[in-house]
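If you want the building blocks of each chain, they are given just below.
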Amino acid sequence: IYTSYNVGFLSYVCCSKNNVSLSANSNSLIREIKWLAARCLADTLFNKTTTDNRHTRIKLKNISNSTVQNNILFNNHNDQIALVDSSNNRINGNNLKNQQVGISVDPGSNESKINDNTITNSSTYAIYLYGGASKNNVSSNAISNSLISGIYVVGKGSLDNTFQNNKISDNKQTGIKLQNITTTTVQNNILFNNHTDQIVLADWWNNKLNGNAFEN
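Reference entry: report on the structure contained in this document. Predicted model only: the values in this text are computed from it and were never measured.

The rules behind these values
Residues numbered from 1 in each chain as written. Predicted model: local features only at pLDDT ≥ 70, side-chain atom pairs only at ≥ 80, totals over all residues. Heavy atoms only, no water. Helix = DSSP H or I, 4+ residues; strand = E, 2+ residues; numbered from the N terminus. Buried < 20%, exposed > 50% of the residue type's maximum accessible area, 1.4 Å probe, protein only. Areas by Shrake-Rupley, 256 points an atom, 1.4 Å probe, with all protein chains shown as cover. Contact = heavy atoms within 4.5 Å. Core = buried A, V, L, I, M, F, W, Y, C linked by side-chain atoms within 4.5 Å.

**Thoughts on the overall build of the protein**
Of the regular secondary structure elements, the protein holds zero helices and 24 strands. By the burial criterion, 50% of the 216 residues in the protein qualify as buried. Of the roughly 9,600 Å² of accessible surface on the protein, a fraction of 44% belongs to carbon and sulfur atoms.

**Let's talk about unusual backbone geometry**
With the exception of glycine, most residues fall at negative phi, and the peptide bonds are largely trans. Its identity as a non-glycine residue notwithstanding, D85 has a phi of 50°, on the positive side. Turning to its location among the elements, D85 is positioned in the loop between β9 (79-84) and β10 (90-92). Within the chain, N145 stands out as a residue other than glycine whose phi angle is a positive 60°. On the secondary structure map, N145 appears in the loop between β15 (142-144) and β16 (149-154).

**Some points on the environment of N193**
Here N193 shows up in the loop between β21 (190-192) and β22 (197-202). Given a relative accessible area of 27%, N193 falls into the partly exposed group. A sequence separation of 23 residues divides N193 from D170, and the C-alpha atoms of the two residues are 4.7 Å apart.

**Re the environment of L83**
Within the secondary structure layout, L83 lies in strand β9. Along the sequence, L83 and L129 sit 46 residues apart, while their C-alpha atoms lie 9.7 Å from each other. Apart from the residues within four sequence positions on either side, L83 is in contact with L60, I91, S104, V105, D106, S109 and S112.

**Examining the nonpolar core**
Judged by nonpolar contacts, the single largest core of 29 residues is most densely connected at I81, I103, I127, I151, F163 and I176. Elements supplying a minimum of two residues to this core: β6 (58-61), β9, β11 (95-105), β13 (118-130), β16 and β19 (174-179). It is β13 that contributes the most residues to this core, four residues altogether. Once residues within four sequence positions are removed from consideration, I81 is found in contact with I58, V68, L73, I91, N94, L96, G102, I103 and S104.

Right, dumping it as structure tokens:
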């Protein structure tokens, strides 16, 4: 059960039950999805294909215990998936291509799992955590061809994030850049053909860096 509202290019979706999916007819295009209900819990958005947008494609705002999985999202001028003040969510199995940012996680979003996504051709970062996003697990993603960094984490207050088993390659600057963070784990990632540096650490302390493999 859900309620949707269409305003211009935006589609707002308010979920109220489990296993919610959205569908559009052949002449429709979902420009932006915002899960607006603060008590929208344990919902799923899955198996959607959308293209050619200028807005955030899927935005979870004030949402907990929801899943975004197996979507194909491409040709977007903003973020494909954004977590805003949303925690304990799962973003997995999505294919993201041609965007500014693949997945962004804001300061109020914690304890989510971002796993098994394929993210290519980002004009800035494939995965971007900022401002204080904490206790998130980013693992087993395939990331390539970002113009700046594959994974970028910045902001005092970001702590206890884990980045593991990711394959990160062919980014124009760095594979992983971590700046002004603490108690973060970076382990067992494979990084290669990143043009400037594989991993950059700036102003970080009490973190763990181990088991990563570097090629070229």
